[in-house]
Amino acid sequence: MTPSIIREYWRCGINMDGDSEAKGKLSDQAMQNPQALAALQDKIDSVSHSASIMESLPKSVKRRVNALRNLQVNSTHIEAKFYKEVHELERKYAALYQPLFDKRRDIVSGKVEPTEEECEWQSDHEDEEALAEDLKKKAAIEEITEDANEEKPSGVPEFWLTIFRSVDMLSDMLQEHDEPILKHLQDIKVIFSGPDPPMSFTLEFRFEPNEYFTNTILTKVYKMKSEPDTDDPFSFEGPEIIDCEGCEIDWHKGKDVTVKTIKKKQKHKGRGTARVITKQVPNDSFFNFFNPIKVSPDKELDEDAEYTLATDFEIGHFFRERIVPRAVLYFTGEALEDDESFEEEELEEGEEEDKDDEDEDDEEEGGSNAKSGDPQPAECKQQ
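Given the structure is predicted, the values throughout are model-derived calculations rather than measurements.

Reading the values: the criteria
- Residues numbered from 1 in each chain as written.
- Predicted model: local features only at pLDDT ≥ 70, side-chain atom pairs only at ≥ 80, totals over all residues.
- Heavy atoms only, no water.
- Helix = DSSP H or I, 4+ residues; strand = E, 2+ residues; numbered from the N terminus.
- Buried < 20%, exposed > 50% of the residue type's maximum accessible area, 1.4 Å probe, protein only.
- Contact = heavy atoms within 4.5 Å.
- Areas by Shrake-Rupley, 256 points an atom, 1.4 Å probe, with all protein chains shown as cover.
- Pairing = 2+ DSSP bridges.
- Polar contact = N/O pair within 3.5 Å; in protein donor to acceptor, adjacent residues only side chain to side chain.
- Phe/Tyr/Trp six-rings, centres within 6.5 Å; stacked < 30°, edge-to-face > 60°.
- Lys NZ or Arg CZ within 6 Å of the ring centre and 35° of its normal.
- Patch = residues over 30% accessible without salt bridge, like charges linked within 9 Å, V, L, I, M, F, W, Y side chains within 5 Å.
- Salt bridge = Lys/Arg side-chain N within 4 Å of Asp/Glu carboxyl O.
- Expected span 1.5 Å × (residues − 1).
- Lys, Arg positive; Asp, Glu negative; His and termini not counted.
- Charge placed at Lys NZ, Arg CZ, Asp CG, Glu CD.
- Axes fitted to C-alpha atoms, helices over the stretch in contact; angles between N-to-C directions.

(A) Spotlight on the overall build of the protein chain. Scanning the protein chain from N- to C-terminus turns up 13 helices and six strands. Within the protein chain, the proportion of its 383 residues that are buried is 28%. In the protein chain, the proportion of contacts linking residues at least 24 apart, taken out of those at least 6 apart, comes to 59%. Here the protein chain displays about 26,600 Å² of accessible surface, and carbon together with sulfur accounts for 50% of that area.

(B) Focus on the pairing of strand 1 (residues 185-192). Here seven bridges tie strand 1 to strand 2 (residues 199-207), and the two strands are oriented antiparallel to one another. Bridge assignment links Phe192 to a residue of strand 2, and that residue is Phe201.

(C) The side chain of Ser193, seen in detail. Looking at the element boundaries, Ser193 is found in the loop between strand 1 and strand 2. Separated by 2.9 Å, the side chain of Ser193 and the backbone nitrogen of Ser200 make a polar contact. If sequence neighbours within four positions are ignored, Ser193 has contacts with His87, Arg91, Pro198, Met199 and Ser200.

(D) Expanded view of the packing of aromatic side chains. Here the structure, examined in full by the defined rule, presents 24 aromatic pairs. Consider the rings of Tyr83 and Phe236, whose centres lie 6.1 Å apart with planes at 80°: the pair is edge-to-face. One end of the pair, Tyr83, is in helix 4 (residues 59-109); the other, Phe236, is in the loop between strand 3 (217-225) and strand 4 (240-245), and 153 residues separate them in sequence. One aromatic cluster is present, formed by Phe164, Phe205, Phe207, Phe213, Trp251, Phe286, Phe287, Phe289, Phe290 and Phe319 through successive ring pairs. Sitting over the face of the ring of Phe289, Lys220 holds its NZ or CZ atom 3.5 Å from the ring centroid.

(E) Representation of the environment of Leu182 in the model. Take Leu182: it is sitting in helix 10 (residues 179-182). Non-local contacts of Leu182, meaning those with residues more than four positions away in its chain, are made with Leu161, Phe164, Leu174, Phe207, Phe286 and Phe287.

(F) Focus on a nonpolar patch on the surface. Together, Leu89, Tyr93, Leu96, Tyr97 and Leu100 line one region of the surface with nonpolar side chains, adding up to about 550 Å² of accessible area. The residue Leu96 is located in helix 4 in this model. Given a relative accessible area of 53%, Leu96 falls into the exposed group.

(G) Region of interest: the pattern of salt bridges. According to the stated counting rule, one finds 15 salt bridges in the structure shown. Between Lys84 and Glu227 there is a salt bridge, with its nearest N and O atoms 2.7 Å apart. Note that Lys84 is positioned in helix 4 and Glu227 in the loop between strand 3 and strand 4, a separation of 143 residues in sequence. A salt bridge links Lys103 to Glu118; the shortest N-O distance between them is 2.8 Å. Within this pair, whereas Lys103 is found in helix 4, its partner Glu118 is found in helix 5 (residues 116-119), the two being separated by 15 residues in sequence. Residue Glu118 is classed as partly exposed on the basis of its relative accessible area, which comes to 45%. Three or more residues joined by partner-sharing salt bridges are found here, namely Glu158, Arg165, Glu179 and Lys183.

(H) Structural detail: helix 11 (residues 303-323). Over its 21 residues, helix 11 runs 28 Å from end to end, which matches the ideal 30 Å to within 8%, given 1.5 Å per residue. Looking only at helix 11, the buried set comprises Ala305, Glu306, Leu309, Ala310, Asp312, Phe313, Ile315, Gly316, Phe318, Phe319, Arg320 and Ile323.

(I) A look at a negative patch on the surface. On the surface, a cluster of negative charge is contributed by Glu113, Glu116, Glu117 and Glu120. With respect to the secondary-structure elements, Glu120 resides in the loop between helix 5 and helix 6 (126-129). Taking the relative accessible area as the measure of exposure, Glu120 reaches 63% and is therefore exposed.

(J) The arrangement of the sheet that holds strand 3 in detail. Strand order in the open sheet made by the four strands is 1-2-3-4, with antiparallel pairing throughout. If you trace the sheet from one side to the other, it starts and ends with strand 1 and strand 4, each paired once. If you compare each strand with its neighbour and ignore which way they point, the axes differ by 20° on average. By the bridge criterion, eight bridges tie strand 2 to strand 3 in an arrangement that is antiparallel. Bridge assignment links Arg206 to a residue of strand 3, and that residue is Ile217.

Next up, the structure:
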């Protein structure tokens, strides 16, 4: 759930003293989402704590604390300016990165063939360095033979599709019917908005001409809030994505994978005759990514829509921060290995602690059973 939605829960909660129905609705929404409930509870605890402290202070001290709070508000506005300058730095360095990313695109698409010098890679594996000279020669001969026999593809085939398959966050969106289309994806580019508000960034997905749609570029714009909230300035923790906007895909006839055609039998109530009609219904596809949920200030989102929107924001941020800058490492799996190694270390630590706790519990249970002489039921061992 996004911070702005959580703050909305809070604002609704403190303004609904006389509305029992609204209170009940807020309670149901919060109970359905543990994260929202935890955030709401933290907020209540925080306000209760600050209120009790303020009430206990002498009037002269309260005045000074209020002055400190005003200073904090001013500090928050300076922080907002800091993040604007960070955004400008991102734009500046994006321009420096872009020639490298353009070269990457040209190599991936086969437009440019890298030089021998550019293709040299110093391996840090000891086993490769320790290969005997004769084995190296044999490997070189086999490689020449294979090169002579194999078909030489252009560029790096299925570069982006391989990344989509490898990254869990993207593979969850990927459907079998999406894969032939993503084989035509040549580049993903991040474009940062100018200095004038609102702050945003755009993801550009660049495709070669294909049989599925006429677009050469599909875009997704993520809009960010970069100013402190007037009603709740202390909640500001930097720019946050608050909305996103997709683009229309001009599908060739019969190639739209975001819908599917189903046949439905209809029976006439009076005559008893039946007819078969065909209709189009939404279909799971990665390309639904370009048709996001519309956020309206007048319309409340349900739990599923909130989750979908929060996930969309997370994916957009992941493309911007990880996938685009480190694409080759996700293609080779090196970026994934780094993430997995870190997670496994933490998991092993946790498992070890759990095992120690279980051992202690077993000893206590064993001692208790030994005294009573009664066997411990199997189901109780899980507690």
